[in-house]
Amino acid sequence: MLKTLSKLIGLWSFMYLRIDVFIPSGRAINPITNGNWEGTGVEPDIYAPAHEALRVAHLRAVREIQASKKDIVPLQMSEIYRVIDELEPEGE
């Protein structure tokens, strides 16, 4: 199995002290663009400046939890509101 897997996607090397190393032997090519995301990145679903990305993602995740309201007890809901208030920028 390992030999077959290594031929398909690259080379696995099991080294001393339980350190695994993977050396890729190929790359993903999009059949439509004939390219990949290397050097260009992946277009985000939600646009935000780099310095705001974590806050924006965290806020969206908490809002989705709030909207689902599945198995949320009142204490958890108050924590959700607190986190939203903390994460929302002034004036939003």
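Residues numbered from 1 in each chain as written. Predicted model: local features only at pLDDT ≥ 70, side-chain atom pairs only at ≥ 80, totals over all residues. Heavy atoms only, no water.

Tell me about the nonpolar core, residues and numbers included.
Formed by L59, V62, M77, I80, V83, I84 and L87, the largest nonpolar core amounts to seven residues. Broken down by secondary-structure element, the contributors of at least two residues to this core are α2 (53–68) and α3 (74–87). For this core, the element with the most residues is α3, which contributes five residues. (Core = buried A, V, L, I, M, F, W, Y, C linked by side-chain atoms within 4.5 Å. Buried < 20%, exposed > 50% of the residue type's maximum accessible area, 1.4 Å probe, protein only. Helix = DSSP H or I, 4+ residues; strand = E, 2+ residues; numbered from the N terminus.)

Outline the packing of α2 against α3, listing residues and values.
Remark: α2 packs on α3, axes separated minimally by 10 Å, with the N-to-C direction vectors making an angle of 150°. Overall, the two elements α2 and α3 adopt an arrangement that is roughly antiparallel. Once α2 is placed against α3, the crossing between them reads as left-handed. Contacts between α2 and α3 involve R55, H58, L59, V62, R63, I65 and Q66 on the former and, on the latter, M77, I80, Y81, V83, I84 and L87. Across the contact of α2 with α3, the residue classes break down as nine nonpolar, two polar and two charged. (Axes fitted to C-alpha atoms, helices over the stretch in contact; angles between N-to-C directions. Parallel < 35°, antiparallel > 145°, perpendicular 65-115°, else oblique. Left-handed = near helix turned anticlockwise from the far one by under 90°. Contact = heavy atoms within 4.5 Å. Nonpolar A, V, L, I, M, F, W, Y, C, P; charged D, E, K, R; others polar.)

Before we move on, could you go through the pattern of salt bridges and cite the residues and values that matter?
What the rule picks out here adds up to five salt bridges. For the salt bridge of E79 with R82, the shortest nitrogen-to-oxygen distance reads 2.5 Å. With E79 and R82 both in helix α3, this residue pair falls three residues apart, about one helical turn. Judged by relative accessible area, which is 38%, E79 ranks as partly exposed. The exposure class assigned to R82 is partly exposed, which follows from its relative accessible area of 39%. The salt bridge partner of E86 is R82, with a shortest N-O separation of 2.6 Å. A residue pair is termed a helical-turn pair when its members lie 3 or 4 positions apart in one helix, as E86 and R82 do in helix α3 at four residues. Linked through salt bridges whose partners overlap, the residues forming this network are E79, R82 and E86. (Salt bridge = Lys/Arg side-chain N within 4 Å of Asp/Glu carboxyl O.)

Which residues make up the confidence of the model for the chain, and what are the values?
Confidence along the chain averages 76 in pLDDT terms, with 75% of residues attaining 70 or more. Within the chain, the lowest mean pLDDT, 47, falls on helix α1 (residues 2–9), and the highest, 88, falls on α2. The model gives residues 4–8 a pLDDT under 50, and that stretch makes four contacts with residues more than four places away or in other chains. (pLDDT = per-residue confidence, 0-100.)

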